[in-house]
Amino acid sequence: MRVEVDQPRCVASGQCVLLAPEVFDQDDDGIVELLESDPEPRHHDDVRESAAVCPAAAIRLTER
Ligand code: SF4
């Protein structure tokens, strides 16, 4: 799995950080920061859920 984030789209809701704190963080303004673009398989479900619930559709996944 490859993870990309589109920071200009992010609305700082923090959903992704709550669901997958090993993969996503937020900067001082609440904007998403990607910690891990190639997360371990045990985090994949949480990352998929993060992408699904992100209100800005700012998380893009490539399954491989
Ligand atoms: S869930 Fe989406 S909008 Fe919310 S912080 Fe994460 S990337 Fe940004």
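An unreviewed UniProt entry annotates the chain as Ferredoxin of Streptomyces griseoviridis. Under the UniProt heading Cofactor (unreviewed entry), the note attached to the chain is "[3Fe-4S] cluster". UniProt's Function (unreviewed entry) comment on the chain is quoted here verbatim: "Ferredoxins are iron-sulfur proteins that transfer electrons in a wide variety of metabolic reactions."

Caption draft 1: The nonpolar core, seen in detail. One finds Val3, Cys16, Phe24, Val47 and Ile59 to be the most contacted residues of the largest nonpolar core, which totals 14 residues. Aside from chain neighbours lying at most four places away, what touches Cys16 is Pro21, Phe24, Val32, Ser50 and Ile59.

Caption draft 2: Region of the structure containing the pattern of salt bridges. For the structure shown, the criterion picks out five salt bridges. Close ionic contact of Arg64 with Asp38 constitutes a salt bridge, the shortest N to O distance being 3.4 Å. Taken together, the positions of Arg64 in the segment after β4 (59-62) and Asp38 in the loop between β3 (32-34) and α2 (44-53) put the pair 26 residues apart, joining distant regions of the chain. A residue is classified by how much of its surface remains accessible, and Arg64, at 65% relative accessible area, is exposed. Residue Asp38 is classed as partly exposed on the basis of its relative accessible area, which comes to 40%.

Caption draft 3: Structural view of the site of the ligand. Around the ligand sit Cys10, Val11, Ala12, Ser13, Gly14, Gln15, Cys16, Val32, Cys54, Ala58 and Ile59, and that is every residue in its neighbourhood. Tallied by class, the residues present in the shell around the ligand amount to eight nonpolar, three polar and no charged.

Caption draft 4: Local environment of α2. Taken together, the buried positions of α2 are occupied by His44, Val47 and Ser50. For α2, the angular spread of the buried residues around the axis is 120°, confining them to a single face. Facing away from the buried side of α2, by more than 90 degrees, are the exposed residues Asp45 and Ala52. Each element contacted by the buried residues of α2 is listed here: β1 (2-5), α1 (15-19), β2 (24-26) and β4.

What counts, and at which threshold
Residues numbered from 1 in each chain as written. Predicted model: local features only at pLDDT ≥ 70, side-chain atom pairs only at ≥ 80, totals over all residues. Heavy atoms only, no water. UniProt positions renumbered as here; feature names shortened; annotations may be inferred. Core = buried A, V, L, I, M, F, W, Y, C linked by side-chain atoms within 4.5 Å. Buried < 20%, exposed > 50% of the residue type's maximum accessible area, 1.4 Å probe, protein only. Contact = heavy atoms within 4.5 Å. Salt bridge = Lys/Arg side-chain N within 4 Å of Asp/Glu carboxyl O. Helix = DSSP H or I, 4+ residues; strand = E, 2+ residues; numbered from the N terminus. Near = heavy atom within 4 Å. Nonpolar A, V, L, I, M, F, W, Y, C, P; charged D, E, K, R; others polar. Arc of directions from axis to C-beta.

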